[in-house]
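Notes for the structure review
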Amino acid sequence: MGDIYFELASITLSSCLLLAIKDNMDCERARSRTLKRQYAYYTRLKYTLYDSLDSLFASFGLPHMAWNTLSSKESAEGQKTSYRNGSAHPTSSDTTAVAIANSRMILYEARSTIGNASYIDWGASEADDRAFDDALKALGQLEFASDNYDGSIFLSSVDMLIGSHLQILAGLRRPWNYPRDKARERLISKYLEAHAVKI
């Protein structure tokens, strides 16, 4: 009789464990799909943000940005310093107005896309969403500086734009900054390989 209870208990426990493992694997698959979409969007957005900023700054007569400006804090700081040491041209023109409007539209679209996509770890820092506010504020300041020929506001706006764009991208690429993600993946695989046979 005891053997029957033992068998029933074993079957029940095995079923529960299998369901738990399946649930865990489903979650991991969903996470993996989201990460693939997130990375694809990140690479597109990085190019789009770089291109819009570069065109915007060029419309004011600034040199083209280094291609890696939005890749790291160090690169961004290097570009900011380069612009601070250069000559600023806070002048208003049709070209600058179009470039500012284009940058604004790209930011609104990106904010909407990211907000609707439920990307992994986006919003883990308050700075993520605030970066959009900072970028839009900087565009408004840039408009003011160009209309009023104010060089100091112009340069601080350029600084804020580079910093806020860098933060937006940093928020999107956050999951790849976690070395434990890969370690966790390996541990789950090892566990399944070791225990699935026994079940």
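You'll find the structure just up there.
Definitions and cut-offs
- Every chain's residues receive numbers from 1 upward, in the order its sequence appears when written.
- Confidence filtering applies because this is a predicted model: local features only for residues at pLDDT of at least 70, side-chain atom pairs given and counted only at 80 or more, and all residues used for totals across whole chains, interfaces and linings.
- With hydrogens and water set aside, each side-chain value is computed from the structure's full complement of heavy atoms.
- Both cavities and pockets are sets of points on a 1 Å grid over the protein atoms alone; in a cavity a 1.4 Å probe fits but cannot get out, in a pocket the set is open with protein on both sides within 12 Å along at least five of seven lines, and lining residues sit with an atom within 4 Å of a point.
- Grid points are joined across faces, edges and corners, and a volume is the space filled by probe spheres set on the points.
- Here a helix means four or more residues in a row that DSSP labels H or I, a strand means two or more in a row labelled E, and each is numbered from the N terminus.
- Note that Gly is not counted as nonpolar here; it falls among the polar residues with everything else outside the nonpolar set of Ala, Val, Leu, Ile, Met, Phe, Trp, Tyr, Cys and Pro and the charged set of Asp, Glu, Lys and Arg.
- The working definition used for a salt bridge is a side-chain nitrogen of Lys or Arg within 4 Å of a carboxyl oxygen of Asp or Glu.
- Partly exposed describes any residue whose relative accessible area lies between the buried limit of under 20% and the exposed limit of over 50%, with all areas from a 1.4 Å probe on protein chains only and scaled to the type maximum.
- Given the number of residues in a helix, its expected span is that number minus one, multiplied by 1.5 Å.
- Residues grouped as a nonpolar core are buried Ala, Val, Leu, Ile, Met, Phe, Trp, Tyr and Cys residues, joined through side-chain atoms within 4.5 Å.
- In this analysis, two residues are considered to be in contact whenever any of their non-hydrogen atoms come within 4.5 Å of each other.
- Angles here are taken between N-to-C directions and fall from 0 to 180 degrees, while the axes themselves are lines fitted to C-alpha atoms, restricted in helices to the stretch in contact.
- In these notes the angle categories are as follows: under 35 degrees is roughly parallel, over 145 is roughly antiparallel, 65 to 115 is roughly perpendicular, and the rest is oblique.
- Here a crossing is called left-handed whenever its near helix is offset anticlockwise from the far helix by less than a right angle, and right-handed whenever the offset is clockwise.

The next point concerns the layout of surface pockets. Considered as a void within the structure, the second largest pocket measures approximately 190 Å³ in volume. Lining the second largest pocket are 13 residues, and of these Lys73, Gly163, Leu166, Gln167 and Ala170 sit closest to its centre. Only helix 2 (73-85) and helix 5 (151-172) provide two or more residues apiece to the lining of the second largest pocket. Taken together, the residues of the lining of the second largest pocket break down into 3 nonpolar, 5 polar and 5 charged.

Applying the stated criterion across every chain, the model contains 6 salt bridges. A salt bridge links Arg111 to Asp133, with the nearest nitrogen and oxygen atoms 2.8 Å apart. You can see Arg111 sitting in helix 3 (residues 94-117) and its partner Asp133 sitting in helix 4 (residues 126-148), a full 22 residues away along the chain. For Arg111, a relative accessible area of 23% gives the class partly exposed. Salt bridges here are not isolated pairs; linked through shared partners, they connect Arg111, Asp129 and Asp133.

For helix 4, with 23 residues, the first-to-last C-alpha span of 33 Å sits near the 33 Å given by 1.5 Å per residue. Within helix 4, burial applies to Ala127, Asp128, Ala131, Phe132, Ala135, Leu136, Ala138, Leu139, Leu142, Ala145 and Ser146. At the C-terminal side of helix 4, Tyr149 shows a positive phi close to 55 degrees.

Grouped together as the largest cluster of nonpolar side chains are 39 residues, with contacts concentrated most on Leu45, Leu56, Phe57, Ile114, Leu161 and Ile168. When contributions to this core are tallied by element, the ones reaching two or more residues are helix 1 (2-59), helix 2, helix 3, helix 4 and helix 5. In contact with Leu56, not counting residues within four places along its chain, are Thr96, Ala99, Ile100, Ser103, Leu139, Leu142 and Leu161.

Where helix 2 meets helix 5, the closest approach of the two axes is 10 Å, and the angle between their N-to-C directions is 165 degrees. By the angle class used here, helix 2 and helix 5 are roughly antiparallel. The chirality of how helix 2 crosses helix 5 is right-handed. On helix 5, the residues that touch Lys73, Ala76, Gln79, Lys80, Tyr83 and Arg84 of helix 2 are Leu155, Val158, Asp159, Ile162, Gly163 and Leu166. By residue class, the composition of the contact of helix 2 with helix 5 is 6 nonpolar, 2 polar and 4 charged.

Where helix 3 contacts helix 4, the two axes come as close as 10 Å, and the packing angle between them is 170 degrees. As judged from the angle between their axes, helix 3 and helix 4 are roughly antiparallel. Across the interface between the two elements, Ile100, Ser103, Arg104, Leu107, Tyr108, Ala110, Arg111 and Ile114 from helix 3 touch Asp129, Phe132, Asp133, Ala135, Leu136, Leu139, Gly140 and Glu143 from helix 4. Counted by class, the contact of helix 3 with helix 4 contains 9 nonpolar, 2 polar and 5 charged residues.

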